[in-house]
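# Structure at a glance
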Amino acid sequence: METMRFRQVHLDFHTSEHINGIGRNFSKEQFQDMLKLGHVNSITIFSKCHHGWAYHPSEANEIHPGLTFDLLGAIIEAAHEIGVKTYAFIRGVRRTRDGRER
């Protein structure tokens, strides 16, 4: 079993549905440069946040209304290209939207 890598980042996405243009300025090259600059070798990325929004196309969850592409996939691809291991985080308990939808 592989051990967890030492230089880790937990990249939080807790973005309200009222925010538009999520990730529209994402640059794979800039993201990779920042991971390299920080000597990051492992990153945890949100698949679904506590607001209940997915950051990728999903049959199980609704994609964030302000997101127009697979941000999770773009981040994973960028990280893997430079040898950074990725972990997807899924919020498993009640989400903010549950209170409004019930």
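Everything in this summary refers to the structure shown in the same document. Each chain carries its own residue numbering, running from 1 in the direction its sequence is written. Only residues with pLDDT of at least 70 are given local features in this predicted model, and only at 80 or more are side-chain atom pairs given and counted; all residues enter the totals for whole chains, interfaces and linings. Excluded from the side-chain calculation are hydrogens and water; included are all heavy atoms of the structure.

### Details of the pattern of salt bridges
- Salt bridges, as used here, are contacts in which a Lys or Arg side-chain nitrogen is within 4 Å of a carboxyl oxygen on Asp or Glu. For the structure shown, the criterion picks out two salt bridges.
- Connected via shared salt-bridge partners are Lys-28, Glu-77 and Glu-81.

### Focus: the environment of Gly-21
- Here Gly-21 lies in the loop between β1 (8-11) and α1 (28-37).
- Taking C-alpha positions, Gly-21 is 6.2 Å from Leu-67, a pair spaced 46 residues apart along the chain. Under the DSSP-based scheme used, a helix requires at least four consecutive residues in state H or I and a strand at least two consecutive residues in state E, with every element numbered from the N terminus.

### Thoughts on the nonpolar core
- Core analysis: the largest hydrophobic core is formed by 18 residues, its most contacted members being Phe-13, Leu-35, Ile-43, Tyr-55 and Leu-71.
- If you list the elements that add at least two residues to this core, you get α1, β2 (42-48) and α2 (71-81).
- Looking at this core, the element that brings in the most residues is α2, giving five residues.
- Between two residues, a contact is recorded if the distance between any of their heavy atoms is within 4.5 Å. Beyond its immediate sequence surroundings of up to four residues, Ile-43 is in contact with Val-9, Leu-11, Phe-31, Leu-35, Ala-79, Val-84, Lys-85, Thr-86 and Tyr-87. Take the buried Ala, Val, Leu, Ile, Met, Phe, Trp, Tyr and Cys residues and link them wherever side-chain atoms come within 4.5 Å; each set so joined is a nonpolar core. Buried means the residue's accessible area, taken with a 1.4 Å probe over protein chains only, is under 20% of the maximum for its type, while exposed means over 50%, and partly exposed covers the values in between.

### Focus: the side chain of Glu-17
- Relative to the assigned elements, Glu-17 resides in the loop between β1 and α1.
- Pairing of N or O atoms within 3.5 Å defines a polar contact, subject to two protein rules: one partner must be a possible hydrogen donor and the other a possible acceptor, and residues neighboring in sequence count only if both atoms are side-chain atoms. Reaching out from Glu-17, the side chain makes a polar contact with the side chain of Trp-53 at a distance of 3.2 Å.

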